[in-house]
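What follows is each chain in one-letter form.
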Amino acid sequence: MPENNTNIMLPYNREAEQSVLGSILVDASCMSIALKYLESDHFFLPEHKEIFAAMKMRYDEKATSIDTITICDMLAKSGYSDAAGARNYVYQLAQMVPSVANVENYAKIVREQYYLRCLIQLSQNVLENASASGADAKLIMETAEQKLYDMRKGTESSGPKKLKSVIVDGVYDRLKKLNSEEKDDYKGIPTGFGLLDRYITGLNRSDLIFIGARPAMGKTSFALNLAHNLAVTGKKKVVFFSLEMTNEQLAERILASQCAIDAKKFRTGEFSDDEWVRLGNAASALYDTELYLSDASAITVPEMKSIVRRMKNVDCVIIDYLGLISSSERTENRVQEVTKITKNLKMMAKDLNIPVVCCAQLSRGTEGRGKSHRPQLSDLRESGTIEQDADIVMFLYREVYYAGEKLEEERENIDSNKTELIVAKNRHGETGTIELVFDSEYTRFRPIETNEHYSEN
């Protein structure tokens, strides 16, 4: 068995590799079975890699035959046959296969040995990196865990699927479930804001959703309201990562919203007897809620993903906010850093198959835009990839924020509680504006359910 540079024997099974190749040479239909499990890199011996690559090329060309003559001809044209003496070896492969009926088992053995080699190589990389001077333990752990996760996904992958299979096993199956008694498990998670759900059909699996606004518009409050609605009303398991506020501050806001007590009183503790009762009732009502808070600072997306994977069965992740997420890779500037972060967020949503909601701060572009300060997609700060990677982008806008720019008589007509929730990008449907009410003393947004009209952007 071959050794690597640390004298660890790398596992492989010569007979299984030979049997896979021999089965395909005897019966070309075995190729479609082998491709469910294998790629050329899964083979250990170089000559086996070359032979399987040639077979796959024939298969991709929809060739009617994958036999000794055609494969030897392809190897000769590539210059490999003369160098490795592959011609005679290919003929031997066709004669030594025990049974083509077992090709699936042979392929599984080859793939199993490949993953064992990957684990050994991953362990060696961790050892080498950890032993190097100036080693970054956090970065090494994140990289290793991500590679291990990618490897695990590879063991479950079945390769590309034919459209017919996706329609029958995927689309039709999901449509049946949407019309069954368990339909709520397959629909988007309701946000608690009825008009918003009409636009985006709830928070859907694998979606990356951004909530953008200028400072003090209420991003955190809206994100917490959303988390509360999902966990309390929707009975979902939600993880809220706050990189700006402590867990206690978040809990105070949730309680203030739940029991309608002025949030400022949580700083002074000056509650009336009635408010103490309401506070106790609200706390009791939240005890069994599956809402988890994390105030870890300088956290990276791979770290978040690792936490969520270990928790299991999480339905949604909410992050406050993008500008404080640390990059897991060194970059030349902040734009590149945000680009990598947003791509990692989208990968997290897709890999975990859950919606990921992230708050984002808007640039000052809204400030110098004349009379209309309503945010636009171009106002997303630091990187255009936020717009590119997002499935849904929403903005919060409150006219009172710019009241100082207006004449006194105009300021008197401004409703300080009125908030516009602007759906600026929606990969699944239409865009438009929804009106909300912001009860600032309770840090709570409320829908105006009687408002049935909405505008198209």
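Details of the structure are given in the entry above.
Computed from a predicted model, the values in this text were never measured in an experiment.

Cut-off values and rules
Residues numbered from 1 in each chain as written. Predicted model: local features only at pLDDT ≥ 70, side-chain atom pairs only at ≥ 80, totals over all residues. Heavy atoms only, no water. Patch = residues over 30% accessible without salt bridge, like charges linked within 9 Å, V, L, I, M, F, W, Y side chains within 5 Å. Areas by Shrake-Rupley, 256 points an atom, 1.4 Å probe, with all protein chains shown as cover. Salt bridge = Lys/Arg side-chain N within 4 Å of Asp/Glu carboxyl O. Helix = DSSP H or I, 4+ residues; strand = E, 2+ residues; numbered from the N terminus. Buried < 20%, exposed > 50% of the residue type's maximum accessible area, 1.4 Å probe, protein only. Core = buried A, V, L, I, M, F, W, Y, C linked by side-chain atoms within 4.5 Å. Contact = heavy atoms within 4.5 Å. Axes fitted to C-alpha atoms, helices over the stretch in contact; angles between N-to-C directions. Parallel < 35°, antiparallel > 145°, perpendicular 65-115°, else oblique. Left-handed = near helix turned anticlockwise from the far one by under 90°. Nonpolar A, V, L, I, M, F, W, Y, C, P; charged D, E, K, R; others polar. Expected span 1.5 Å × (residues − 1). Arc of directions from axis to C-beta.

Structural notes on a nonpolar patch on the surface
Turning to step 1, where the next piece is worked out: A contiguous nonpolar surface patch, about 610 Å² in accessible area, is contributed by Leu163, Val166, Ile167, Val168, Val171, Tyr172 and Leu175.
Turning to step 2, where the next piece is worked out: Structurally, the position occupied by leucine 163 is in helix α9 (residues 163-178).
Turning to step 3, where the next piece is worked out: Here leucine 163 falls in the exposed class, since its relative accessible area comes to 62%.

Notes on the nonpolar core
The nonpolar side chains of a soluble globular protein tend to be buried with one another.
Turning to step 1, where the next piece is worked out: Counting residues in hydrophobic clusters, the biggest one holds 83 residues, and the most contacted among them are Ile318, Ile319, Leu322, Ile325 and Leu345.
Turning to step 2, where the next piece is worked out: Per-element tally for this core: the top contributor is helix α11 (residues 219-233), with 8 residues.
Turning to step 3, where the next piece is worked out: Ignoring sequence-local partners within four residues, the contact set of isoleucine 318 consists of Ala223, Leu226, Ala227, Leu230, Val238, Val239, Phe240, Phe241 and Val357.
Turning to step 4, where the next piece is worked out: In this structure, Met55, Cys72, Met74 and Leu75 belong to the second largest nonpolar core, which totals 28 residues.

Comments concerning the pattern of salt bridges
Pairs may arise between side chains of opposite charge once their charged atoms sit close together.
Turning to step 1, where the next piece is worked out: Scanning the model with the defined rule gives 12 salt bridges in all.
Turning to step 2, where the next piece is worked out: Notably, a salt bridge pairs aspartate 389 with lysine 343, separated by 3.7 Å at the nearest N-O pair. Taken together, the residues span a long stretch of sequence, with aspartate 389 in helix α17 (residues 385-389) and lysine 343 in helix α16 (residues 334-352) at a distance of 46 residues.
Turning to step 3, where the next piece is worked out: Residues participating in the shared-partner salt-bridge network are Lys346, Asp391 and Arg427.

Details of unusual backbone geometry
Turning to step 1, where the next piece is worked out: Between aspartate 320 and tyrosine 321 the backbone carries a cis peptide bond, its omega angle lying at 5 degrees.
Turning to step 2, where the next piece is worked out: The phi torsion at serine 206 lies on the positive side, around 70 degrees, for a residue other than glycine.
Turning to step 3, where the next piece is worked out: Along the chain, serine 206 falls in the loop between α10 (194-200) and β1 (208-213).
Turning to step 4, where the next piece is worked out: By relative accessible area, which is 22% here, serine 206 ends up partly exposed.
Turning to step 5, where the next piece is worked out: Even without a glycine there, the phi angle at lysine 235 is positive, about 55 degrees.
Turning to step 6, where the next piece is worked out: Within the secondary structure, lysine 235 sits in the loop between α11 and β2 (238-242).

Focus on the packing of helix α3 (residues 46-60) against helix α4 (residues 68-77)
Turning to step 1, where the next piece is worked out: One way to put it is that α3 packs onto α4 with a least axis distance of 10 Å and a crossing angle of 110 degrees. When the interaxial angle is binned, α3 and α4 end up roughly perpendicular. Crossing of α3 against α4: the hand is right-handed. Contacts between α3 and α4 involve Glu50, Ile51, Ala54, Met55, Met57 and Arg58 on the former and, on the latter, Thr70, Ile71, Met74 and Leu75.
Turning to step 2, where the next piece is worked out: Taken together, the residues of the contact of α3 with α4 break down into 7 nonpolar, 1 polar and 2 charged.

Focus on the environment of proline 11
Turning to step 1, where the next piece is worked out: Looking at the element boundaries, proline 11 is found in the segment before α1 (14-26).
Turning to step 2, where the next piece is worked out: Between the alpha carbons of proline 11 and arginine 117 there is a distance of 6.3 Å; along the sequence they are 106 residues apart.

A word on helix α14 (residues 273-286)
Quick reminder: α-helices carry 3.6 residues per turn. Residues three or four places apart thus point the same way.
Turning to step 1, where the next piece is worked out: If you check α14, its first and last C-alpha atoms are 20 Å apart, about what 14 residues at 1.5 Å a residue would give, namely 20 Å.
Turning to step 2, where the next piece is worked out: Regarding α14, the residues found buried are Glu275, Leu279, Ala282, Ala283 and Leu286. Burial along α14 is one-sided: seen end-on, the buried residues are contained in an arc of 100 degrees. Turned more than 90 degrees away from the buried face of α14 sit Asp273 and Asn281, all of them exposed.

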